[in-house]
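Reading the structure
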Amino acid sequence: MKLYKYCDLDGEYYLTEAQIIEQYFPYWSKMMEKAGKKTLISYKNCIEDFCIIHWAWEVEDYGK
């Protein structure tokens with residue numbers, strides 16, 4: 001399972017692919033449907049969009 005890191009004004013955060021899907025996919029897929037992009041809904045695309053929106057990047061371990 002891949003691990004991603006992103007930072008904001010409050011600190012650094014780490015999420016696994018499973019956590020991104022659990023926390024972000026329901027909202028993201030609903031917004032994709034509203035935008036008429038239902039055919040693009042997938043876990044892979046959700047994770048990619050999450051990384052773009054949050055400036056997240058893949059890391060090998062916590063603290064990296």
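Throughout what follows, the structure given in this document is the object of discussion.

Parameters and conventions
Residues numbered from 1 in each chain as written. Predicted model: local features only at pLDDT ≥ 70, side-chain atom pairs only at ≥ 80, totals over all residues. Heavy atoms only, no water. Helix = DSSP H or I, 4+ residues; strand = E, 2+ residues; numbered from the N terminus. Phe/Tyr/Trp six-rings, centres within 6.5 Å; stacked < 30°, edge-to-face > 60°. Buried < 20%, exposed > 50% of the residue type's maximum accessible area, 1.4 Å probe, protein only.

So, unusual backbone geometry
- Not every positive phi belongs to a glycine, and W55 is a case in point at roughly 55 degrees.
- Within the secondary structure, W55 is located in the loop between α2 (43-54) and β3 (57-59).

Focus on the packing of aromatic side chains
- Inspection of every chain in the model, using the stated rule, returns seven aromatic pairs.
- Between Y24 and F50, the aromatic rings sit 5.4 Å apart at their centres with planes inclined by 70 degrees, giving edge-to-face as the arrangement. In this pair, Y24 is assigned in helix α1 (residues 17-34) and F50 in helix α2, connecting sequence segments 26 residues apart.
- Centre to centre, the rings of F25 and W28 are 5.9 Å apart; their planes meet at 40 degrees, and the pair counts as tilted. One end of the pair is F25 and the other is W28, both in helix α1 and three residues apart, which spans about a single turn.
- In this structure F25 comes out as buried when scored by relative accessible area, which is 18%.
- Classification of W28 by relative accessible area gives buried; the value is 4%.
- An aromatic cluster is present here, built from Y6, Y13, Y24, Y27 and F50 joined pairwise through their rings.

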